[in-house]
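Here are the chains, one letter per residue:
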Amino acid sequence: MPGPLLDTLNGKKQDIAPVWLMRQAGRYLPEYRELRAEKGGFLELVYDSEAAAEITVQPIRRFAFDGAILFSDILIVPHAMGQGLEFLAGEGPKLSPTLLETELSSFSEKKERFDAVYETVRRTRTLISDDVTMLGFAGSPWTVATYMIAGQGSKNQEPARLLAYRDPARMQAICDAISDMSIEYLRGQIDAGAEAVQLFDSWAGSLAPDEFERWVVAPNAKITAAIKQSHPDTPVIGFPKGAGAKLPAYARETGVDAVGLDETLDPAWAHASLPDGMPVQGNFDPLLLEAGGPELPKRVRTIIEAFEDRPHVFNLGHGIGQFTPISHVEELLAALRG
């Protein structure tokens, strides 16, 4: 029997919204910190299937979330495309050489890097009950391209935006290559046991409307259509962070089954603006979860009430912060589940 999260993504409203939290397996958990200290760096953990599966299930054991999100990273795709990748303490990811320094054609594909991730999915599926939904994911092409071009996170994604204006044909080739690799990657995750997948477009909000259509909507539509062709029963969640008023067009044009909402969106506006009956996911502010206080349960109720007439997965508006007290997550769940 599918669990409440999978049912919700398939359009069935639940009496109590199912819940999972973006970045729910991570540094705010002492058990994660302990395992990371034992195993070494972040990338080493991702490619250690046994450790990655254990990390994926840690928050399920502690909080009984309705979804287990694969412990991995959106930059595994450029790594498999042949770009160098390392995570430096306190500095975040570094990719080299950048696509400002070299051409895509200079990279030598290493798709075998996906194998450990597929094994993590298989292992995780054996560790969780049938009513917990196994979630896979990939970064959307625009967001992944911003890292491949700049070699790291960048303010306002300026290097990628400049390249897209100056040489749209080259940007198109980059996004197409990322899309093709992401389709293969997501299909592999689904074949390994992922029951739904999420497309993270973390930097969608930095684009003007015409560019949003070309670099966010079109690539996500391509990936979603390919997944629907090969795995028609697997729901696809699209999360274009920062889309704002462009979200309804994204929801209509990409073909995704559900949309994730960031914390800046008014839930009542989202409910009124999105296609009738489309499942939504979100959109509690991760900083309010970190801060806690009397506003926490009030905001939970506001979000639940806004979406009481449509299928709703309770989640954050982005990833949980590393300094979030565990007691605040427990409070959130108590407010949600009564």
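Predicted model only: the values in this text are computed from it and were never measured.

**Quick word on the packing of helix H9 (residues 168-192) against helix H10 (residues 209-230)**
- Between H9 and H10, the least distance of the axes is 10 Å, while the angle of their chain directions is 30 degrees. What the angle tells us is that H9 and H10 run roughly parallel. As for how H9 packs across H10, the hand of that crossing is right-handed. Along the contact surface, H9 presents Pro 168, Met 171, Gln 172, Cys 175, Asp 176, Ser 179, Asp 180, Ser 182, Ile 183, Leu 186, Arg 187 and Ile 190, while H10 presents Arg 214, Trp 215, Pro 219, Lys 222, Ile 223, Ala 226, Ile 227, Gln 229 and Ser 230.
- Taken together, the residues of the contact of H9 with H10 sort by class into eleven nonpolar, five polar and five charged.

**Observations concerning the side chain of Ser 202**
- With respect to the helices and strands, the residue Ser 202 is situated in the loop between strand E5 (196-201) and H10.
- The exposure class of Ser 202 is buried, given its relative accessible area of 15%.
- Ignoring anything within four residues of it in the chain, the contact list for Ser 202 reads Thr 143, Lys 241 and His 318.

**Concerning the pairing of E5**
- For E5, a buried count of six out of six residues is recorded, marking the element as mostly surrounded by other parts of the structure.
- The sheet contact formed by E5 and strand E6 (residues 236-240) spans five bridges and is parallel. Bridging across to E6, Leu 199 finds its partner in Gly 238.
- In this view, the connection linking E5 to its parallel neighbour E6 by way of H10 has right-handed handedness.

**Focus: the packing of helix H4 (residues 49-63) against helix H6 (residues 113-127)**
- At their nearest, the axes of H4 and H6 sit 8 Å apart, and the two run at 45 degrees to each other. Classified by the angle their axes make, H4 and H6 are oblique. In this structure, the crossing between H4 and H6 has a hand that is right-handed. Between H4, through Ser 49, Glu 50, Ala 52, Ala 53, Thr 56 and Val 57, and H6, the contact on the second element is made entirely by Ala 116, Glu 119, Thr 120, Arg 123, Thr 124 and Leu 127.

**Some details on unusual backbone geometry**
- The residue after Ser 96, namely Pro 97, is reached through a cis peptide bond having omega -15 degrees.
- Within the secondary structure, Pro 97 is located in the loop between strand E3 (92-96) and H6.
- With an omega of -10 degrees, the peptide bond running from Gly 282 to Asn 283 counts as cis.
- Here Asn 283 lies in strand E8 (residues 280-284).
- For Ala 64, which is not glycine, the phi torsion reads 55 degrees and is therefore positive.
- Overall, the relative accessible area of 47% leaves Ala 64 in the partly exposed class.
- With a phi close to 55 degrees, Gln 157 is a non-glycine residue in the positive phi region.
- The topology assignment puts Gln 157 in the loop between helix H7 (141-150) and helix H8 (158-166).

**A closer look at the packing of aromatic side chains**
- Across all of its chains, the model carries eleven aromatic pairs by this definition.
- Measuring from centroid to centroid gives 5.5 Å for Phe 42 and Phe 71, while their planes differ by 70 degrees, and the two rings are edge-to-face. Of this pair, Phe 42 sits in helix H3 (residues 42-46) while Phe 71 is found in the loop between strand E1 (67-69) and helix H5 (76-81), placing the two residues 29 residues apart along the sequence.
- Given a relative accessible area of 13%, Phe 42 falls into the buried group.
- Plain terms: the ring middles of Phe 137 and Phe 200 are 5.5 Å apart, the flat faces sit at 80 degrees to each other, and that makes the pair edge-to-face. Note that Phe 137 is positioned in strand E4 (residues 133-139) and Phe 200 in strand E5, a separation of 63 residues in sequence. Here the two residues Phe 137 and Phe 200 agree in accessibility, since each one is buried.
- Taken together, Tyr 32, Phe 42, Phe 71 and Phe 87 form an aromatic cluster joined through their ring pairs.
- A cation sits over an aromatic face here: Lys 246 above Phe 212, 5.2 Å from the ring centre.

So, how was this worked out
- Residues numbered from 1 in each chain as written.
- Predicted model: local features only at pLDDT ≥ 70, side-chain atom pairs only at ≥ 80, totals over all residues.
- Heavy atoms only, no water.
- Axes fitted to C-alpha atoms, helices over the stretch in contact; angles between N-to-C directions.
- Helix = DSSP H or I, 4+ residues; strand = E, 2+ residues; numbered from the N terminus.
- Parallel < 35°, antiparallel > 145°, perpendicular 65-115°, else oblique.
- Left-handed = near helix turned anticlockwise from the far one by under 90°.
- Contact = heavy atoms within 4.5 Å.
- Nonpolar A, V, L, I, M, F, W, Y, C, P; charged D, E, K, R; others polar.
- Buried < 20%, exposed > 50% of the residue type's maximum accessible area, 1.4 Å probe, protein only.
- Pairing = 2+ DSSP bridges.
- Right-handed = clockwise from strand over helix to strand, strands pointing away.
- Phe/Tyr/Trp six-rings, centres within 6.5 Å; stacked < 30°, edge-to-face > 60°.
- Lys NZ or Arg CZ within 6 Å of the ring centre and 35° of its normal.

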